[in-house]
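Here's the letter readout for the chains.
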Amino acid sequence: MRSEAHRNRAPLNTGGWRFESSLAHIMGKDKIIHFIVCFVLAALTALITSNIIIGWLSAVVVGIAKELYDRYSYGVFDIYDLIADVLGATCSILIIVIL
């Protein structure tokens, strides 16, 4: 059981950046969408340009831009969304390289 002082303490000041760490938040449907979008974007860009680096970078840059938009529009930069974006792009490129 948490003490009264612990329950009533002020939230950590992170300069407007909020980080959530619950397992439900980390593994939510939103993360799957981030993964799939960056997977497809990286694959399409890599195949169209015949350059896996450009494919990977395009997906990651779009993921970063989306999180910055969320940060300045809603006050939340979700690092787990960005991790899902990077994993999606990376898996896509790995499959292209292996095949």
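The following paragraphs examine the structure supplied in this document. Since the model is a prediction, treat every value here as computed from it, not as a measurement.

To continue, consider unusual backbone geometry. Its identity as a non-glycine residue notwithstanding, serine 50 has a phi of 55°, on the positive side. Examined against the element boundaries, serine 50 turns out to sit in the loop between helix H3 (29-49) and helix H4 (52-74). With a relative accessible area of 68%, serine 50 lands in the exposed category.

On to the packing of aromatic side chains. In the structure shown here, the tally under the stated rule is two aromatic pairs. With 6.1 Å between their ring centres and 85° between their planes, tyrosine 69 and tyrosine 74 make a pair best called edge-to-face. On the accessibility criterion, tyrosine 69 (48% relative accessible area) is partly exposed. Look at tyrosine 74 and you get exposed, because its relative accessible area is 54%.

The biggest cluster of nonpolar side chains holds seven residues, and these are Cys38, Ala42, Ala46, Ala59, Val60, Ala89 and Ile93. Secondary-structure elements contributing two or more residues to this core are H3, H4 and helix H5 (79-98). The element that contributes the greatest number of residues to this core is H3, accounting for three residues. Those residues within four positions of alanine 42 in sequence are excluded, and the remaining contacts are Gly55, Trp56, Ala59, Ala89, Ser92 and Ile93.

The next subject is the packing of H3 against H4. Two numbers describe how H3 lies on H4: the axes approach to 7 Å, and their chain directions differ by 145°. Crossing angle aside, the handedness with which H3 passes H4 is right-handed. Between H3 and H4, the contacting residues are His34, Cys38, Leu41, Ala42, Thr45, Ala46 and Thr49 on the first element and Ile52, Ile54, Gly55, Trp56, Ser58, Ala59, Val62, Lys66 and Glu67 on the second. Partitioned by chemical class, the residues of the contact of H3 with H4 number nine nonpolar, five polar and two charged.

Put simply, H3 and H5 touch, their axes get as near as 7 Å, and they point 40° apart. It follows from the interaxial angle that H3 and H5 lie oblique. Classified by chirality, the crossing of H5 by H3 is right-handed. Facing Asp30, Lys31, His34, Phe35, Cys38, Phe39, Ala42, Ala43, Ala46 and Leu47 of H3, the residues of H5 in contact are Tyr80, Asp81, Ala84, Asp85, Leu87, Gly88, Ala89, Cys91, Ser92, Ile93, Ile95 and Ile96. Partitioned by chemical class, the residues of the contact of H3 with H5 number 15 nonpolar, three polar and four charged.

Another aspect to go through is the side chain of glutamate 67. Mapped onto the elements, glutamate 67 comes out in helix H4. The buried charged residue glutamate 67 lacks any salt bridge, with lysine 66 as its nearest oppositely charged partner at 4.6 Å. Ignoring any residue separated from it by four or fewer positions in sequence, one finds glutamate 67 in contact with His34, Val76, Phe77, Asp78, Asp81 and Leu82.

Another point: the side chain of serine 58. Note that serine 58 resides in helix H4. At a separation of 3.3 Å, a polar atom in the side chain of serine 58 contacts the side chain of threonine 45. When residues no more than four places from it in sequence are discounted, the contact partners of serine 58 are Leu41 and Thr45.

Each value, and the rule that gives it
Residues numbered from 1 in each chain as written. Predicted model: local features only at pLDDT ≥ 70, side-chain atom pairs only at ≥ 80, totals over all residues. Heavy atoms only, no water. Helix = DSSP H or I, 4+ residues; strand = E, 2+ residues; numbered from the N terminus. Buried < 20%, exposed > 50% of the residue type's maximum accessible area, 1.4 Å probe, protein only. Phe/Tyr/Trp six-rings, centres within 6.5 Å; stacked < 30°, edge-to-face > 60°. Core = buried A, V, L, I, M, F, W, Y, C linked by side-chain atoms within 4.5 Å. Contact = heavy atoms within 4.5 Å. Axes fitted to C-alpha atoms, helices over the stretch in contact; angles between N-to-C directions. Left-handed = near helix turned anticlockwise from the far one by under 90°. Nonpolar A, V, L, I, M, F, W, Y, C, P; charged D, E, K, R; others polar. Parallel < 35°, antiparallel > 145°, perpendicular 65-115°, else oblique. Lys, Arg positive; Asp, Glu negative; His and termini not counted. Salt bridge = Lys/Arg side-chain N within 4 Å of Asp/Glu carboxyl O. Polar contact = N/O pair within 3.5 Å; in protein donor to acceptor, adjacent residues only side chain to side chain.

Take it as geometry only, folks, not as evidence of what the structure does.
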